[in-house]
Amino acid sequence: MQTINPMVITIVQQIMINENDTDAWRRTLIQNHIFEAQEVKDLSEREISLIHHAMLVQRFSRMSSDELLEQTAKYNLQYHINFEADEFQMGAVCY
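Residues numbered from 1 in each chain as written. Predicted model: local features only at pLDDT ≥ 70, side-chain atom pairs only at ≥ 80, totals over all residues. Heavy atoms only, no water.

A. Here's a closer look at unusual backbone geometry. Not every positive phi belongs to a glycine, and histidine 33 is a case in point at roughly 55°. Backbone geometry places asparagine 76, a non-glycine residue, at a positive phi of 60°. Structurally, asparagine 76 can be placed in the loop between α5 (65-74) and α6 (88-94). The exposed category is assigned to asparagine 76, whose relative accessible area is 64%. (Helix = DSSP H or I, 4+ residues; strand = E, 2+ residues; numbered from the N terminus. Buried < 20%, exposed > 50% of the residue type's maximum accessible area, 1.4 Å probe, protein only.)

In structure tokens:
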């Protein structure tokens, strides 16, 4: 199973907090032909939230690091990487 980039999780959490609109998410599911109107109507707010979260994770997981950095700017997120002193050399090489 593929590990999800921590930047993706951060962006998705920010979107879920700032754009908490289950009615808009319901409309999106219908407009994108993911569910029929009646099926969406039968879903709870929790289910809608989980589906929207999964769709965002999927969408952002396809993006490159540069595209993710653009998204962090779009959502006004400050994202940086800290290396511990003893891990700096290993982190710098891996980065």
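What follows continues from the structure just given.
B. Fine view of helix α1 (residues 6-18). When the terminal C-alpha atoms of α1 are compared, their 18 Å separation across 13 residues agrees well with the 18 Å that a helix rising 1.5 Å per residue should span. Here α1 starts with a cap whose side-chain oxygen sits 2.8 Å from the backbone nitrogen of methionine 7, and that cap is asparagine 5. (Expected span 1.5 Å × (residues − 1). Polar contact = N/O pair within 3.5 Å; in protein donor to acceptor, adjacent residues only side chain to side chain.)

C. Main features of the environment of valine 8. Within the secondary structure layout, valine 8 lies in helix α1. With 55 residues separating them along the chain, valine 8 and methionine 63 place their C-alpha atoms 9.0 Å apart. Once residues within four sequence positions are removed from consideration, valine 8 is found in contact with Val57, Phe60, Ser61 and Leu68. (Contact = heavy atoms within 4.5 Å.)

D. Structural context of the environment of leucine 68. Along the chain, the position of leucine 68 falls in helix α5. Sequence separation of leucine 68 and asparagine 5 is 63 residues, and the distance between their C-alpha atoms is 9.8 Å.

E. Representation of the nonpolar core in the model. Ile11, Val12 and Phe60 are the most contacted members of the largest nonpolar core, which has 17 residues in total. At the level of elements, α1, α2 (22-31) and α4 (45-61) are the ones that each hand at least two residues to this core. Residues within four places of valine 12 in sequence aside, it is in contact with His53, Leu56, Val57 and Phe60. (Core = buried A, V, L, I, M, F, W, Y, C linked by side-chain atoms within 4.5 Å.)

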